[in-house]
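Coordinate analysis (summary)
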Amino acid sequence: MKKNENRQNMRSQKRLKIIIGCVGITLSILLLGYFGVSQYYKSHFYSQTFINGVDCSNLTVEQAKKRINEEVDTYVLKVDERNDVTEEISGQQIGLKLVFDKNFEELLDTQSPFMWVANSWSKKEIENPVQLIYDESLLQKAYDELFAFDERYITKPVDAYITEYTEGVGFSIVPEVEGNEVMKDELFVQVKEAVLNLTPSISVDSLNCYKEPTVRSDDAKLVNAIEVTNKYMETKLTYHFGDKTEVLDGTIIGPAIKINEKFEVSIDKDKIKEFVDY
């Protein structure tokens, strides 16, 4: 009996030693892994770390800078113009780049490498000031080379106007021509602002950077002038000279109507007098 008990005790002790050994090895491996990962996070950002909205998980400071710069490296500003024309200015053309705040290097110091377990599953957002810079001369060169400023493709705006008298037609309004002549200085200000904000596209029309006609076909003075001429043209006077009868109507009055630059309507009395004297 005693021999059996001794054997059982020895077996139990042996199993216990094996269990303790296994637990010890497992703990050692876990601790080595924990401290190994902790060492890793001394030089890398936690998983789920976003800097200025860019995912910088498990990146070093330099890698994070490169990742954030990728958006700048591939940046292109699209300039939407009239007649379905779109032109582009790329960040590479103008030497666009980011200048990081001097404290960027210290962002890694704000995290404790030994707290990586607790911070592995929660999103961490960091805002750090950065400055966009570009080469002013390169931007000016790229801007000046847009087709929008090539005289061969520019249509200047033309004001609406009233035609000369035409027999059988009378007077009519010729609508304005919008054209596509850009106000260069004004648009350049908008382009620079767009670049510094990494705006993907701008519309020259929406920014009101086209030269506009000063007189449009719905201009009150223009419309009123046509209405007045129509009334004159509708006039019909009959003159009796003895046994002769002459009619003064639109065919006679029309050529005598004058419209000045202010769209003021008047009658050339000398021309009417020629008819009456006749």
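Here, the structure is the one placed above.
Please read these numbers as outputs of a predicted model, since none were measured by experiment. Residue numbers restart at each chain and count upward from 1, following the sequence in its written direction. Since the coordinates come from a predicted model, pLDDT governs what is reported: local features require at least 70, and pairs of side-chain atoms require 80 or more to be given and counted, while whole-chain, interface and lining totals use all residues. Heavy atoms throughout the structure, all of them, feed into the side-chain values; hydrogens and water do not.

Some details on the packing of helix 4 (residues 136-144) against helix 5 (residues 184-196)
Using the following cut-off: Structural elements are reduced to axes, namely lines fitted to C-alpha atoms, with helices fitted over the stretch in contact, and the angle between N-to-C directions of any two is expressed from 0 to 180 degrees. Strands here mean DSSP runs of E at least two residues long; helices mean DSSP runs of H or I at least four residues long; both are numbered from the N terminus. Each angle is binned into one of four classes, with values under 35 degrees roughly parallel, values over 145 roughly antiparallel, values of 65 to 115 roughly perpendicular, and all other values oblique. By definition, any crossing whose near helix is turned counterclockwise from its far helix by less than a right angle is left-handed, and any crossing with a clockwise turn is right-handed. Contacts were defined at the residue level, with two residues in contact if any of their heavy atoms lie within 4.5 Å. Only Asp, Glu, Lys and Arg are considered charged, only Ala, Val, Leu, Ile, Met, Phe, Trp, Tyr, Cys and Pro nonpolar, and every remaining residue, Gly among them, polar.
For the pair helix 4 and helix 5, the least separation of the axes is 12 Å and the interaxial angle reads 125°. The pairing of helix 4 with helix 5 is recorded here as oblique in orientation. Considering how the two elements wind past one another, helix 4 and helix 5 form a crossing that is right-handed. Facing helix 4, whose interface residues are Glu136, Leu139, Gln140, Tyr143 and Asp144, helix 5 presents Lys184, Leu187, Phe188, Val191 and Lys192. Looking at side-chain class alone, the contact of helix 4 with helix 5 contains five nonpolar, one polar and four charged residues.

Comments concerning helix 5
Side chains of residues three or four places apart in an α-helix project in the same direction, reflecting 3.6 residues per turn. Operational definition: To estimate the expected span of a helix, subtract one from its residue number and multiply by 1.5 Å. Accessibility here uses a 1.4 Å probe with only protein chains present; expressed as a share of the type maximum, an area under 20% marks a residue as buried, one over 50% as exposed, and anything in between as partly exposed. Note that the arc is defined by the directions from the helix axis to the C-beta atoms.
Given a rise of 1.5 Å per residue, 13 residues ought to cover 18 Å, and the 19 Å separating the end C-alpha atoms of helix 5 matches this to within 8%. Buried residues of helix 5: Leu187, Phe188, Val191, Ala194 and Val195, and no others. One side of helix 5 carries all its buried residues, which in axial view fall inside an arc of 125°. Where helix 5 is buried, its residues meet strand 3 (76-81), strand 4 (85-90), strand 7 (130-133), helix 4 and strand 10 (201-203). Downstream of helix 5 by a residue or two, Leu198 has a phi angle that is positive, lying close to 50°.

Some points on the packing of aromatic side chains
Rules: Side-chain rings of Phe, Tyr and Trp, where Trp is taken by its six-membered ring, are said to pair if the distance between their centres is within 6.5 Å; with planes under 30 degrees apart they count as stacked, over 60 as edge-to-face, and otherwise as tilted. Placement of a charge over a ring requires the Lys NZ or Arg CZ to be within 6 Å of the ring centre, with the centre-to-atom vector within 35 degrees of the ring normal.
A full pass over the atoms with the stated rule returns five aromatic pairs. Between the aromatic rings of Phe100 and Phe104, the centroid separation amounts to 4.8 Å while the plane-to-plane angle is 55°, which identifies the pairing as tilted. Accessibility classification places Phe100 together with Phe104 in one group, the buried group. When the ring of Tyr165 is compared with that of Phe171, the centres are 5.8 Å apart and the planes differ by 55°; the resulting orientation is tilted. With respect to burial, Tyr165 and Phe171 carry one shared label: buried. Through successive ring pairs, a cluster of aromatic residues spans Tyr143, Phe149 and Phe188. Taking the ring centre of Phe50 as reference, the NZ or CZ of Lys123 above it sits at 4.4 Å.

Take it as geometry only, folks, not as evidence of what the structure does.
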